[in-house]
Amino acid sequence: MLVVHVHVHVVPDQVEAFRAATVANASASVREPGIARFDVLQQDGDPTRFILVEVYRDEGAPARHKETAHYQQWRDAVAPMMASPRTSVRLANVFPADDAW
């Protein structure tokens with residue numbers, strides 16, 4: 001498993017639009033065979049900050065995800081909503097075991 005945390009800072013007046021677009025993308029993403037989880041988290045106390053927790057089944061899954069229409073639509077829709085470029089951290093799964101996802 002490959003876990004990616006994507007950190008996003010959204011322009012304040014775009015929070016609801018970002019949230020709606022991101023939930024739509026996540027809803028489609030969890031139907032991809034290479035994705036085990038796709039969580040959308042909003043920071044308590046600062047609603048302009050989000051973390052996307054993406055759990056991929058193999059190293060090739062992120063690239064396949066970026067080829068989907070729903071990802072490309074999300075990417076293009078949310079780009080002007082961001083207060084700063086999004087950042088990400090790639091993590092190796094430790095627990096639970098990969099076969100427990």
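Everything numeric here is computed off the predicted structure, so don't read it as measured data.

Visitor: Can you lay out the overall build of the protein for me, pointing to particular residues and giving the numbers?
Guide: Scanning the protein from N- to C-terminus turns up 3 helices and 4 strands. Listing the helices and strands of the protein from first to last along the sequence gives β-α-β-β-α-α-β. Counting over 101 residues, the protein shows a buried share of 37%. Look at the contacts in the protein between residues 6 or more apart in sequence, and 68% of them connect residues 24 or more apart. Accessible area for the protein stands at about 5,900 Å²; split by element, carbon and sulfur atoms hold 55% of it. Positive and negative side-chain charges of the protein, numbering 10 and 13 respectively, have mean locations separated by a distance of 2 Å.

Visitor: Can you break down the sheet that holds strand β1 (residues 2-9) residue by residue, with the values?
Guide: Taken in spatial order, the 4 strands make up an open sheet running β2-β3-β1-β4, and their pairing is antiparallel. The sheet terminates laterally at β2 (35-42) and β4 (87-92), the two strands that pair on one side only. Along the sheet, successive strands turn relative to each other by an average axial angle of 15 degrees, direction set aside. As defined by bridge partners, β1 adjoins strand β3 (residues 49-56) across 8 bridges and the pair is classed as antiparallel. Directly across from Val4, in β3, lies its bridge partner Glu54.

Rules behind the numbers
Residues numbered from 1 in each chain as written. Predicted model: local features only at pLDDT ≥ 70, side-chain atom pairs only at ≥ 80, totals over all residues. Heavy atoms only, no water. Helix = DSSP H or I, 4+ residues; strand = E, 2+ residues; numbered from the N terminus. Buried < 20%, exposed > 50% of the residue type's maximum accessible area, 1.4 Å probe, protein only. Contact = heavy atoms within 4.5 Å. Areas by Shrake-Rupley, 256 points an atom, 1.4 Å probe, with all protein chains shown as cover. Lys, Arg positive; Asp, Glu negative; His and termini not counted. Charge placed at Lys NZ, Arg CZ, Asp CG, Glu CD. Pairing = 2+ DSSP bridges. Axes fitted to C-alpha atoms, helices over the stretch in contact; angles between N-to-C directions.

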